[in-house]
Amino acid sequence: MAADSTLIVLDSSQRKRSDRLGERGFLYVTLAATLVAVGVLVAIAVKVFDLAAPAISKFGVGFLWSQDWNAVTNRFGALDFIYGTAVSSLVALAIAAPISIAIALFLTELAPKWLRTPVGALVEVLSGIPSVVIGLWGILVLGPIVESQVEPFLNSFLGWIPLFSGRYSPVGLLPAILVLTIMITPIVSSISRELLSRVPKEQIEGALAIGATRWEMIRGVMLPYVGPGIIAALILGVGRAVGEAIAVTQVIGTTAGIRSSLFGPADTLASRIASQYQGAVSNLQVSSLAYLAAILLVLSLLFNLGAQLIVRRVERSRG
Amino acid sequence: MSTLPTSANGPDVPPIFHVDRRLKRRKIVNRLMEGVSTLAALLAVAVLVLLVGSVVVRGASAFNGAFFTQVASGDFLNPAGGGIAHAIVGSAVIVLLATLIAVPVGVLVAIYTSEFARPQVAGIVRLCLDVLNGIPSIVIGIFIFGLLVVGRGQAAWIASVALSVIMLPLIARSTQEVLTLVPLTLREAALGVGVAKWRMVIGIVIPASLGGIMTGVSLAIARVAGETAPILFTSSIAVNQISTDVSHALQTIPVLIFTYSESPEPADHAKAWGGAILLIGFVLFTSVLSRMLMSRMKRRLEGGARGELLGRVTGLLGLFRRPSA
């Protein structure tokens, strides 16, 4: 033992030098990796806007509210796809939000303990299913059901609203909405579940102790507590829906135009890029597709930063 | 608490006298909402069962020897022949290469932010990673297309780069989370006996969190194995051949499903369902695996393994001795 400690003392100057070198080298390597990661983010923004530059300089901001998409006359605009994106994601969100929150409530409050883990795991699995598989199911299984059952059903009750009239079709906005609902429900419900499980036990028990029913406790204590967090989760969910390209391309019918009916075909920003980049005939068309991607990029930044902002504000207010 | 409905009682009447009249209604509302929640959970499970069920039922018929060993027949007279072996190999190669790129970078980023960076810097990096994670994969596809495909043509390695961009934030963020789980006592024990910080990270922190890091990596692999959009731009125009040459475009399972799903040929649909079984099976496998890895790591950190890791700390002291002595 004594010999050992002497050795340590004797070697300490050399060890210190190698430690210092190692320390600095290790720091630089990890720093370099971090710069790469941040650099990728910057590079994505630069490259996408660079690709879109010809279309941006040709069409300007008017691109956003132009309905043209014509490869022959070389006029392009994004309004049809902005409409398709907005309708498909917002309606999907409107369906997914209550379902997701209800699932989260079931899993944190109602389900017997033994059921929570397996059902929770199943919901997680649903979020892991690749979008191309959901799209495959959407086009071959869901589409025909929508055409033969869902659309006639909606039409018979709500046919007086233009949204639910028109020719039944296996592809179109409605299947796209359903597919997006399936994709964002597991995301929102698993975040909501996480949030609900963090509501302080004293508040829950306090409410129950003064005689609130379980639902009154949920409405009065749990939901107000997790409200901002759930809004952040919903923003992330709608961000996912807006950016989803593949499954939507498979089921939406990829046709430009703004139709009053949900039964008709449409196109979103992402699905237009996925379906057209290979057949793009002119540089301006490729550039216009990159312009669509730039819009998506800006939207995803807004959604993400918005969600982060909400989460941070809540965390700060709770200390 | 003020929002509780009992406060709706008139101010002059003690609440208790209202309870009886209202209790029934309150209980009914309660039951109703409980029922709605349960129904929603049932609905989610039903959709999952319907989805996975139809994939399995329809895909199982495509499974035979040729499905796994042969490439697409390209024979219009016998569309049901052949298999998707070229896509299986292509997916494996592309995802493996993407993992090899993303894991070292992601883990190093996590080490920098959780061990070296000042809190403000770490916060900015974390925000960048979250933003990167939120970028739609089709935008990443366009980015890599403009960066590497234009002027060069498609290649499997370019697809790997695109997938690694998707994996990077997933791996870095999950590793960050895991590194914070390593008990402070372990770090202090190492630093307290004079171990240099970088040796402490490599010798103590990384081994202690290996299970958690692997969890993040396997989840990231599961996520990108099904990614289609970026591969569409980088490796979709491929020949029907089994190949591991990453300088050419390789067929992959997701792109094959995407193409076949829009084909009018039922035999192509069958192959797409078969490919979908493989993807879902892979996702299930990795999610089970990652759960196991994570719980094992947590057990190790909580239980007896702490002693073992403390043993490592003393083992690190061996580094101080020169072999010649």
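My aim in this report is to walk through the structure given alongside it, one point at a time. Being a predicted model, the structure only gives us computed values, none of them experimental. (Residues numbered from 1 in each chain as written. Chains lettered and ligands numbered in written order. Predicted model: local features only at pLDDT ≥ 70, side-chain atom pairs only at ≥ 80, totals over all residues. Heavy atoms only, no water.)

So, the overall build of chain B
- Secondary structure summary: chain B contains 12 helices and zero strands in total.
- Secondary structure elements of chain B occur, N-terminal to C-terminal, as α-α-α-α-α-α-α-α-α-α-α-α.
- Taking all 325 residues of chain B together, the buried fraction comes to 51%.
- By sequence separation, contacts in chain B at least 24 residues apart represent 77% of the contacts at least 6 residues apart.
- For chain B, the computed accessible surface area is about 14,800 Å², with 67% contributed by carbon and sulfur atoms. (Helix = DSSP H or I, 4+ residues; strand = E, 2+ residues; numbered from the N terminus. Buried < 20%, exposed > 50% of the residue type's maximum accessible area, 1.4 Å probe, protein only. Contact = heavy atoms within 4.5 Å. Areas by Shrake-Rupley, 256 points an atom, 1.4 Å probe, with all protein chains shown as cover.)

Brief notes about helix H3 (residues 113-128) of chain A
- Counted at 1.5 Å a residue, the expected span for H3 of chain A with its 16 residues is 22 Å, and the 24 Å between its end C-alpha atoms agrees.
- When we look at burial in H3 of chain A, the residues that qualify are Arg116, Val119, Gly120, Val123, Val125 and Leu126 of chain A. (Expected span 1.5 Å × (residues − 1).)

Comments concerning the interface of chain A and chain B
- With 82 residues of chain A at the contact, the number on the chain B side is 86 residues.
- With both sides pooled, the region where chain A packs onto chain B buries about 7,600 Å², and carbon together with sulfur makes up 78% of that total.
- Considering only the surface of chain A that becomes buried against chain B, Phe26, Trp137 and Tyr277 of chain A emerge as the three largest contributors, covering 8% of it.
- The tally of links from chain A across to chain B stands at two salt bridges.
- In this structure, the salt-bridge partner of glutamate 34 of chain B is arginine 214 of chain A, at a minimum N-O distance of 3.1 Å.
- Between chain A and chain B we count nine residue pairs in polar contact (both at pLDDT 80 or more) in total.
- Elements with a minimum of two residues in the side of chain A that touches chain B: helix H1 (2-59), helix H2 (79-110), H3, helix H4 (131-158), helix H7 (214-243), helix H8 (246-251), helix H9 (269-276) and helix H10 (283-318) of chain A.
- When grouped by side-chain class, the residues that make up the side of chain A that touches chain B number 55 nonpolar, 16 polar and 11 charged. (Buried area = accessible area lost by both parts, 1.4 Å probe. Salt bridge = Lys/Arg side-chain N within 4 Å of Asp/Glu carboxyl O. Polar contact = N/O pair within 3.5 Å; in protein donor to acceptor, adjacent residues only side chain to side chain. Nonpolar A, V, L, I, M, F, W, Y, C, P; charged D, E, K, R; others polar.)

Focus on the layout of surface pockets
- Of the voids in this model, the second largest pocket is the one considered here, and its volume is about 390 Å³.
- Considering the residues around the second largest pocket, the lining is formed by 16 residues, among which Leu178, Thr181 and Ile182 of chain A together with Leu43 and Val47 of chain B are closest to the centre.
- If you list the elements that add at least two residues to the lining of the second largest pocket, you get H2, H4 and helix H5 (173-196) of chain A together with helix H1 (16-60) of chain B.
- With five residues, H1 of chain B is the largest single contributor of residues to the lining of the second largest pocket.
- Here the lining of the second largest pocket is built from residues that sort into 14 nonpolar, two polar and no charged. (1 Å grid on protein atoms, 1.4 Å probe; cavity = no way out; pocket = protein on both sides within 12 Å on 5 of 7 lines; lining within 4 Å. Points joined across faces, edges and corners; volume = space filled by probe spheres on them.)

Remarks on the nonpolar core
- Within the largest apolar cluster, 174 residues are counted, with the highest numbers of intra-cluster contacts made by Ile44 of chain A together with Ile138 of chain B.
- Top element by residues in this core is helix H8 (residues 197-225) of chain B. It accounts for 13 residues.
- The contacts of isoleucine 44 of chain A, once residues within four sequence positions are left out, are Leu297 of chain A together with Leu132, Ile135, Val139, Ile140, Phe143 and Val165 of chain B. (Core = buried A, V, L, I, M, F, W, Y, C linked by side-chain atoms within 4.5 Å.)

Some points on the environment of serine 243 of chain B
- Mapping serine 243 of chain B onto the fold places it in the loop between helix H9 (229-234) and helix H10 (253-261).
- What makes serine 243 of chain B partly exposed here is its relative accessible area of 22%.

Overview of H7 of chain A
- Here H7 of chain A contains 30 residues, and its C-alpha end-to-end distance of 38 Å is more than 12% below the 44 Å for a straight helix at 1.5 Å per residue.
- Considering bend angle alone, the principal kink of H7 of chain A is centred on glycine 227 of chain A and spans about 55°; proline proline 228 of chain A follows within four residues of it. (Bend = angle between axes of the 7 residues up to and from the residue.)

As for a positive patch on the surface
Residue and element names in this part refer to chain A.
- Together, Lys16, Arg17, Arg20 and Arg24 line one region of the surface with positive charge.
- The residue arginine 24 is located in helix H1 in this model.
- Among the residues examined, arginine 24 registers a relative accessible area of 49% and is labelled partly exposed. (Patch = residues over 30% accessible without salt bridge, like charges linked within 9 Å, V, L, I, M, F, W, Y side chains within 5 Å. Lys, Arg positive; Asp, Glu negative; His and termini not counted. Charge placed at Lys NZ, Arg CZ, Asp CG, Glu CD.)

Structural notes on the pattern of salt bridges
- On inspection of all chains with the given rule, the structure shows 10 salt bridges over all chains.
- The residue arginine 223 of chain B makes a salt bridge to glutamate 227 of chain B at a minimum N-O spacing of 3.4 Å.
- Overall, arginine 223 of chain B belongs to the partly exposed group, its relative accessible area being 35%.
- Residue classification places glutamate 227 of chain B among the buried positions, given a relative accessible area of 10%.
- A network of salt bridges, in which partner residues are shared, links Arg214 of chain A together with Arg31 and Glu34 of chain B.

Considerations on empty space enclosed by the protein
- The tally for this structure, following the rule as stated, stands at seven cavities of 30 Å³ or more.
- Approximately 70 Å³ is the volume found for the largest cavity.
- Around the largest cavity sit Leu51, Tyr277, Ala280, Val286, Leu289 and Ala290 of chain A together with Ile142, Phe145 and Phe233 of chain B, which together line it.
- Looking at which element gives the most residues to the lining of the largest cavity, the answer is H10 of chain A, with three residues.
- Of the residues in the lining of the largest cavity, the class split is nine nonpolar, no polar and no charged.

Section: the packing of aromatic side chains
Residue and element names in this part refer to chain A.
- For the structure shown, the criterion picks out nine aromatic pairs over all chains.
- Where tryptophan 69 meets phenylalanine 81, the ring centres are 5.2 Å apart and the plane angle is 85°; that geometry is what we call edge-to-face. With a gap of 12 residues between them, tryptophan 69 in strand S1 (residues 69-70) and phenylalanine 81 in helix H2 connect regions that are remote in the sequence.
- Given the relative accessible area of 15%, tryptophan 69 is considered buried.
- An aromatic cluster is defined as three or more aromatic residues linked by ring pairs; in this entry it consists of Phe59, Phe63, Trp69, Phe76, Phe81 and Tyr291. (Phe/Tyr/Trp six-rings, centres within 6.5 Å; stacked < 30°, edge-to-face > 60°.)

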